[in-house]
Structure formats: structure tokens, C-alpha cells
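# Close look at the chain arrangement
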Amino acid sequence: MRKFAVISCLILSAGTSQAQGLRLADDFDPTLFAGVSWVIGPVSSGGSSDAQSRAGLSLRVLSSKQTGAIAGAAGVTRYFDGSMGCDAGIAYSRRNESYIATYDFCKRKPLASVGGIAR
């Protein structure tokens, strides 16, 4: 968990200093996200890494629907093997789509997600 937090902070600080149009969302205007998520890194389960699914469908709440801003994200993921995950992280929204980096506390792995947001 600490590795993910440190990496997220480094990416966030590097991204905001390098990208001119990128900013943090300064207002709380929550919106819903629905999309596909992938586990980053190996997934272990009782000896076989193929026993658990690496992909799933996610529903999340984003703290802002502001375009071009970084917002907080929290929600659940239903993996294709039937297991559930709960995660939290950061999101970047562009028009009606969002790209999300979260940490799944149930699988103890980082997730990458892409999907649509409600306007």
C-alpha cells in the first residue's frame, strides 16, 4: 500500500508540474463512473496465478466531473471470476470519459480503469 501511495504522489506531482492544462478539482461535484478495470501485476490464488481474473467491471463515485482535472475516486469492482473488490484512488476526466488509477484493498493490488462518467 505504501508503494502505491508513494508512486501515486510522484506521478501526481510530476504530472502537475509538467502538464500545463492539468489541475486539481477544486469543487466537490460528484459523478458516477462505469467502466472496465484491470489488475496491475501478478494475481495470486492458492498456487495458480490464472485462478483469479485480472479484469472486471467497475462502478465508482468521483469527487468531481470537472474536465481536465484530477479527482478522487472510490467504488467497487466485480471481477469476471465472480469475486468482488473495493478500491480508492485518483481519476482524470476528459469530456465524458475518465481514466482511473486505484488500489484494490480486497485483492491488495493496484488497478487501472477506463470508462464513462455521468454528466
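Before reading further, recall that the structure is shown in the block above.
This text gives an overview of the structure that appears in the document. (Residues numbered from 1 in each chain as written. Predicted model: local features only at pLDDT ≥ 70, side-chain atom pairs only at ≥ 80, totals over all residues. Heavy atoms only, no water.)

### Concerning the pattern of salt bridges
If charged atoms from side chains of opposite charge come close, those side chains can pair. Convention followed: Salt bridge, as applied in this entry: a Lys or Arg side-chain nitrogen positioned within 4 Å of an Asp or Glu carboxyl oxygen. Only runs of H or I of at least four residues qualify as helices and only runs of E of at least two qualify as strands under DSSP, and these elements are numbered from the N terminus. The buried label goes to any residue with under 20% of its type's maximum accessible area, the exposed label to any with over 50%, and the partly exposed label to all in between, with areas taken from a 1.4 Å probe on protein chains only.
Applying the stated criterion across every chain yields a total of two salt bridges. In this structure, Asp87 and Arg60 form a salt bridge, with 2.5 Å as the shortest nitrogen-oxygen distance. Placement of Asp87 in strand 5 (residues 84–94) and of Arg60 in strand 3 (residues 55–62) is noted, with a sequence separation of 27 residues between them. The exposure class assigned to Arg60 is buried, which follows from its relative accessible area of 2%. Residue Glu97 pairs with Arg94 through a salt bridge whose shortest N-O separation is 4.0 Å. Look at Glu97 and you get partly exposed, because its relative accessible area is 28%.

### Here we look at the packing of aromatic side chains
Heads up, the condition is: Stacked, tilted and edge-to-face are the three classes assigned to paired rings of Phe, Tyr and Trp, where Trp is represented by its six-membered ring and a pair needs centres within 6.5 Å; plane angles under 30 degrees give stacked, over 60 edge-to-face, the rest tilted. Geometrically, a lysine NZ or arginine CZ counts as sitting over a ring once it is within 6 Å of the ring centre and also within 35 degrees of the ring normal.
Summed over the entire model, instances satisfying the criterion amount to one aromatic pair. With a centroid separation of 5.4 Å and an interplanar angle of 70 degrees, the aromatic rings of Tyr103 and Phe105 are classed as edge-to-face. On the basis of relative accessibility, which here comes to 10%, the residue Tyr103 falls in the buried class. Sitting over the ring of Tyr79, Lys107 keeps its end group 4.4 Å from the ring centre.

### Considering the environment of Val39
The condition is simple: We call two residues in contact when some of their heavy atoms are within 4.5 Å.
As for its placement among the helices and strands, Val39 is situated in strand 2 (residues 31–39). For Val39 and Lys109, which are 70 residues apart along the polypeptide, the C-alpha to C-alpha distance reads 6.5 Å. Residue contacts for Val39: discarding those within four places in its chain leaves Arg54, Tyr79, Lys107, Lys109, Pro110 and Leu111.

### Structural notes on the nonpolar core
Rules: Residue types Ala, Val, Leu, Ile, Met, Phe, Trp, Tyr and Cys, when buried and joined through side-chain atoms within 4.5 Å, form a set referred to as a nonpolar core.
With six residues, the main nonpolar core is built from Phe33, Leu62, Ala73, Ala91, Ile100 and Ile117. Discounting chain neighbours no more than four positions away, the residues touching Ile100 are Phe33, Arg60, Leu62, Ala73, Ile90, Ala91, Leu111, Ala112 and Ser113.

### Comments concerning the environment of Ile40
Structurally, Ile40 is set in the loop between strand 2 and strand 3. Separated by 61 residues in the primary sequence, Ile40 and Ala101 place their C-alpha atoms 9.9 Å from one another. Discounting residues that sit within four places of it in the chain, Ile40 has contacts with Arg54, Lys109, Pro110, Leu111 and Ala112.

### A look at a nonpolar patch on the surface
Counted only if it meets this: Patches here: salt-bridge-free residues with over 30% relative accessible area, like charges joined within 9 Å, nonpolar side chains (Val, Leu, Ile, Met, Phe, Trp, Tyr) joined within 5 Å. Note that accessible areas follow from Shrake-Rupley with a 1.4 Å probe, and for residues the cover is restricted to the protein chains shown.
Taken together, the side chains of Trp38, Tyr99 and Val114 define a hydrophobic patch exposed on the protein surface, amounting to about 270 Å² of accessible area. Inspection of the secondary structure puts Tyr99 in strand 6 (residues 97–104).

### What about the side chain of Ser37?
Rules: For this analysis, a polar contact is any N or O atom pair within 3.5 Å, provided that within protein one partner can donate a hydrogen and the other can accept it, and provided that sequence-adjacent residues contribute only side-chain to side-chain pairs.
Looking at the secondary structure, you find Ser37 in strand 2. A polar contact of 2.5 Å, which involves the side chain of Ser37, links it to the side chain of Ser58. The residues touching Ser37, leaving out its near neighbours within four places in the chain, are Arg54, Ala55, Gly56, Ser58, Arg60, Thr77, Leu111, Ala112 and Ser113.

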